[in-house]
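These are the residues of each chain, in order.
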Amino acid sequence: MSAILPPTERLWWKHPLDRVEGTWIAIAFVWCMIMFFMMIYWHIYGKQNLSTETYKTTTELFASKTQAMVDKYTVRTETDLETPVVAPPPGSDVYMIARLWNFWPILELQNGQTYRLHLSSMDYNHGFSLQPANINIQIVPGYEHVVTVTPNQTGTYSVVCNEFCGIGHHTMVGRIYIKGETGNVP
Amino acid sequence: MSHKTTYRTCPRSGLQFESQAEKLVLANAVAGVIFLLIGGILAIGVVLTRWPTIHWLEASTFYQVLTAHGLDMLVFWIIFFEIAILYFCSSTLLRCRIATPKVAWAAFALMVIGSVMNNVAVYQGGSSVMMTSYVPMMAAPSFYLGLILFAVGALIGCFVFFGTLVVAKREKTYQGSVPLVTFGAITAAIIAVFTIASGAIILIPTWMLSMNWIEHVDPLIYRVIWWAFGHSSQQINVAAHISIWYFVAAVVFGAKPMSERVSRGAFLLYIVFLQLASAHHILSDPGMSTEWKVLNTSYFMYFAVLASMIHGLTIPGAMEVAQRAKGYNKGLFEWLRKAPWGNPSFSGVFISIIGFGFLGGISGVMMGTEQLNMIIHNTIYVPGHFHATVVVGTTLSFMALTYFLIPVLFKRDIINPGLAKWQPYLFGLSMYFFCLVMMGAGTLGVSRRHWDMAFSGAALAYEWPGAAYLMMGLVGIAGIAAIAGGAIYIYLTVGSLLWGKRIAQTKISSEPTPIPVGAPSAAVQTYGSLGFAAPGTFVLAMVFLAAFVLYYFINWKYLSTLWGLS
């Protein structure tokens, strides 16, 4: 019962490793290093890396920037709330407000084109969970996060809030339309 | 200085309990079990609401129940039980009196007051902020104050533990180094001090904010520091339950650690690296640089992962070596086949080791990989992961330890040994399934902490695929089975404490009997050069590695099909 008794050998740290342990430690260490380099490799060669471009912002500032985009590029409105559907040109800055309890406005983007998507919250923490793609990004109030996105498939995407934000949390769903050529764009 | 106390030697185990320490271990363990009971009752509400066809509670009740479930299980049940383990690993294993028993009782009182205050705040409504209580969503002041008082109590408990180590050293109740299990407990206590300090740094200002004494707590800084508390507290659990694994291997098999150096070194890696892994909760957040994320999650976390992989090999390996020494030498796995599967202390620990590694460990590394985190963050995959680490890993280990402690500490026979034999299987295996289907639903994107996957009342509802509904239904079924397993544990523990047949105690003395000095066994490592001492365990480890590697690259493949992000 020696794990619950003091080691019988006073110089226990001088004991040689067993081969099982030594081999396993070496294998596990190599695997950990592979996982470490995989993240760096993906930053160089992978296409899905989360941007870290972030600015301190205020609710007023972010709301006014979003409003300016809505005023300029609204193509129609949807739902009883008359949520604007905004179709900014490829390559431009697009904004999405997260607030209790909706994402505003609806975006309409072109497949295969790149946009700078700005995310911020007007109140609590929210979650940007793009479905069915399953891309999940935290939205923190007071911070404007700029994520460069390139949609690769046409269709209707939902943005589900997946950070608990109060009693109406489950009604907080936004939308992004991806238009253009059907199917995957390489 | 004289200390009036008595020492009881348990007739079954030979362990020696000092009377104050014994009462403190008992009080803290029982308080823990009471919170497990409350948390378990709350779990019924959580599970039956997330089971889509039942969808039982109203939204407000659901979030309230979920908040209380998280706190009672992750914080109160586990930390009360851990304080009991700390006192046990110091006073009992080192055969000395506990330092400052009055202070230890005061710490216990603070923890009780804090945990009750926090629970009351949640049940009053207005504090349904989840365990994480991210600002600027605010709870009642008593919510934070309760947590702070509890944390102060736990911190004092840690210092009583450290003090008891000093008593043992000074009164020479043991010679040489502390036992490995005590060493693991020291690791847990050191991480606990760091954890509680981080909690204080962020919860005290948040409490002041709730009192309107200060105006602002930055939401991002809150998240960064809160997770230094929130994640590290799980590392206390890891260090504690791995100590229990070693403990059970020692008492059930008489297993000797394969190498003290390796096992202790692995515990040290936890202290040095594990708490920094808290960064992996912020991988999908704005504001933190890529370098910071990669450094913290890889360089630092992977050394902690390495430590867990080492323990995952050395504990079953020590069992294998002990079994082979008894003659179970046939083939690769006779030692495992002939293990005491009817002993709930062993079966609980073994189910815990396998589940912690395969389900909790592998999924944890996926989430802790910077880019892969984006396909997992805040989905129900996350609770799938941490039920595998905390429930299968920690809670099941604590249950296994309890079956050992009932005759030894409670001085009672287990009331229904037949039921106890089955309890770890029912609880552990249904939790395996529960975690797997939760991770399945999370892979399809289903959100955690979400009342209604049908989005009733939403202007732009999203339709989850049928498979997601199926998975969540299975979560419900598996959850109910696990809750039944938990209820049996509570029944056996409380029932044995109240009605179990008393075990006569004869050996009580007023002086501690020091641990006899063991004779060095020179032959410990002679098999090492001939080949693998634990080939069966090594094969199991290779199976684990293969599963790990395969699943890791499957996730990268999945990530590569998504929208371009840069």
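Small disclaimer: the values here were computed from a predicted structure and weren't measured. (Residues numbered from 1 in each chain as written. Chains lettered and ligands numbered in written order. Predicted model: local features only at pLDDT ≥ 70, side-chain atom pairs only at ≥ 80, totals over all residues. Heavy atoms only, no water.)

Draft legend 1. Geometry of the overall build of chain B. Check the secondary structure of chain B and you find 14 helices and four strands. Relative to the 2.2 N^0.38 estimate, which gives 24 Å for 566 residues, the radius of gyration of chain B is 23 Å and therefore close to what a compact globule would have. Dimensions of chain B along its principal axes, counting C-alpha atoms only, are 75 × 55 × 45 Å. Each of the 566 residues in chain B was classed as buried or not, and the buried ones make up 64%. Pairs at least 24 residues apart make up 83% of the contacts formed inside chain B by residues separated by at least 6 positions. In the form shown here, chain B has an accessible surface area of approximately 19,300 Å², with 71% of it arising from carbon and sulfur atoms. For chain B, the distance from the average position of its 30 positive side-chain charges to the average position of its 18 negative side-chain charges is 15 Å. (Helix = DSSP H or I, 4+ residues; strand = E, 2+ residues; numbered from the N terminus. Rg over C-alpha atoms; globule rule 2.2 N^0.38 Å. Buried < 20%, exposed > 50% of the residue type's maximum accessible area, 1.4 Å probe, protein only. Contact = heavy atoms within 4.5 Å. Areas by Shrake-Rupley, 256 points an atom, 1.4 Å probe, with all protein chains shown as cover. Lys, Arg positive; Asp, Glu negative; His and termini not counted. Charge placed at Lys NZ, Arg CZ, Asp CG, Glu CD.)

Draft legend 2. Examining the overall build of chain A more closely. A count of helical and extended segments in chain A gives two helices and 12 strands. Each helix (α) and strand (β) of chain A, taken in turn from the N terminus, gives the series α-β-α-β-β-β-β-β-β-β-β-β-β-β. Since a compact globule built from 186 residues should have a radius of gyration of about 16 Å, the 24 Å found for chain A marks it as more spread out than a globular shape. For the C-alpha atoms alone, the extent of chain A along its principal axes is close to 80 × 40 × 25 Å. Buried positions account for 54% of the 186 residues belonging to chain A. Expressed as a percentage of contacts within chain A between residues at least 6 apart in sequence, the contacts between residues at least 24 apart total 60%.

Draft legend 3. How the structure looks around the nonpolar core. Counting 253 residues, the largest nonpolar core has F128 and I176 of chain A together with W77 and M319 of chain B as its most contacted members. Broken down by element, the residue count for this core peaks at 23 residues, all from helix α2 (residues 59–92) of chain B. Setting aside residues no more than four positions away along its own chain, M319 of chain B makes contact with A249, F253, A255, W335, F346, V349, F350 and I353 of chain B. (Core = buried A, V, L, I, M, F, W, Y, C linked by side-chain atoms within 4.5 Å.)

Draft legend 4. Examining the packing of helix α3 (residues 101–123) of chain B against helix α4 (residues 141–170) of chain B more closely. Residue and element names in this part refer to chain B. The contact between α3 and α4 brings their axes to 7 Å, and the two run at 160°. The orientation of α3 with respect to α4, classified from their angle, is roughly antiparallel. Read as a crossing pair, α3 and α4 show a hand that is left-handed. Among the residues forming the contact of α3 with α4, the class breakdown is 18 nonpolar, seven polar and no charged. (Axes fitted to C-alpha atoms, helices over the stretch in contact; angles between N-to-C directions. Parallel < 35°, antiparallel > 145°, perpendicular 65-115°, else oblique. Left-handed = near helix turned anticlockwise from the far one by under 90°. Nonpolar A, V, L, I, M, F, W, Y, C, P; charged D, E, K, R; others polar.)

Draft legend 5. How the structure looks around the side chain of S496 of chain B. Residue and element names in this part refer to chain B. Structurally, S496 can be placed in helix α13 (residues 466–499). Among the polar contacts listed, one links the side chain of S496 to the backbone oxygen of L492, at a separation of 2.6 Å. What S496 contacts, discounting residues up to four positions off in sequence, is I406, R412, D413, I414, I415 and Y491. (Polar contact = N/O pair within 3.5 Å; in protein donor to acceptor, adjacent residues only side chain to side chain.)

Draft legend 6. Broad picture of unusual backbone geometry. The linkage connecting L100 of chain A with the following residue, W101 of chain A, adopts the cis geometry, with an omega of -15°. Looking at the secondary structure, you find W101 of chain A in the loop between β4 (93–99) and β5 (102–104). Along the chain, Q131 of chain A connects to P132 of chain A via a cis peptide bond; the corresponding omega equals 5°. Mapped onto the fold, P132 of chain A is located in the loop between β8 (126–131) and β9 (135–139). You will see that N134 of chain A, though not glycine, has its phi angle at about 65°, which is positive. Within the secondary structure layout, N134 of chain A lies in the loop between β8 and β9. The buried category is assigned to N134 of chain A, whose relative accessible area is 0%. In the Ramachandran plot, K172 of chain B falls in the positive-phi region, its phi being about 50° despite a non-glycine side chain. Along the chain, K172 of chain B falls in the loop between α4 and α5 (180–210).

Draft legend 7. Layout of the packing of aromatic side chains. Across all of its chains, the model carries 47 aromatic pairs over all chains by this definition. Arranged with centres 6.0 Å apart and planes meeting at 65°, the rings of F80 of chain B and F108 of chain B form a pair that is edge-to-face. Pair noted here: F80 of chain B is in helix α2 and F108 of chain B is in helix α3, with a separation of 28 residues, a long-range link. Each member of the pair, F80 of chain B as well as F108 of chain B, is classed as buried. Plain terms: the ring middles of W207 of chain B and W213 of chain B are 5.4 Å apart, the flat faces sit at 70° to each other, and that makes the pair edge-to-face. Three or more aromatic residues joined by ring pairs make a cluster, and in this case those are W31 and W42 of chain A together with F358, F544, F548, Y552, F553 and W556 of chain B. Lying over the aromatic face of W12 of chain A, R264 of chain B brings its terminal NZ or CZ to 4.7 Å of the ring centre. (Phe/Tyr/Trp six-rings, centres within 6.5 Å; stacked < 30°, edge-to-face > 60°. Lys NZ or Arg CZ within 6 Å of the ring centre and 35° of its normal.)

Draft legend 8. A look at the environment of F229 of chain B. Residue and element names in this part refer to chain B. Relative to the helices and strands, F229 resides in helix α6 (residues 219–253). Each C-alpha atom of the pair F229 and A197 lies 7.8 Å from the other, and the pair is 32 residues apart in sequence. Setting aside anything within four residues of it in sequence, one finds F229 in contact with T195, S198, G199 and L203.

Draft legend 9. Inspection of the sheet that holds strand β6 (residues 106–110) of chain A at higher detail. Residues and elements named next belong to chain A. Spatial strand order, β2-β3-β6-β12-β11-β8-β9: seven strands in an open sheet with mixed pairing. A strand with exactly one partner marks an edge of an open sheet, and here the two such strands are β2 (74–78) and β9. Neighbouring strand axes in the sheet, compared pairwise and without regard to direction, differ in orientation by 25° on average. Judged from the six bridges that link them, strand β11 (residues 155–160) and strand β12 (residues 173–179) form a sheet pairing that is antiparallel. When the sheet's bridge partners are listed, V160 is paired in β12 with V173. (Pairing = 2+ DSSP bridges.)

Draft legend 10. Representation of α5 of chain B in the model. Residues and elements named next belong to chain B. The first and last C-alpha atoms of α5 sit 44 Å apart over 31 residues, in line with the 45 Å expected at 1.5 Å per residue. The axis of α5 is deflected most strongly, by about 25°, at A200. Across the 31 residues that make up α5, a large majority, 22, are buried. One or two residues past the end of α5 sits N212, with phi positive at roughly 65°. (Expected span 1.5 Å × (residues − 1). Bend = angle between axes of the 7 residues up to and from the residue.)

Draft legend 11. Expanded view of a nonpolar patch on the surface. Residues and elements named next belong to chain B. A cluster of nonpolar side chains, contributed by L37, I41, I44, I54, W56 and I480, occupies part of the molecular surface with about 520 Å² of accessible area. No other element matches the three residues that helix α1 (residues 19–50) contributes to the nonpolar patch. As for its placement among the helices and strands, I480 is situated in helix α13. I480 gets classed as partly exposed once you look at its relative accessible area, which sits at 32%. (Patch = residues over 30% accessible without salt bridge, like charges linked within 9 Å, V, L, I, M, F, W, Y side chains within 5 Å. Salt bridge = Lys/Arg side-chain N within 4 Å of Asp/Glu carboxyl O.)

Draft legend 12. Main features of the confidence of the model for chain A. Mean pLDDT over chain A stands at 93; residues scoring 70 or higher make up 97%. Predicted confidence in chain A is weakest over helix α1 (residues 19–45) of chain A, with a mean pLDDT of 92, and strongest over β4 of chain A, with 98. (pLDDT = per-residue confidence, 0-100.)

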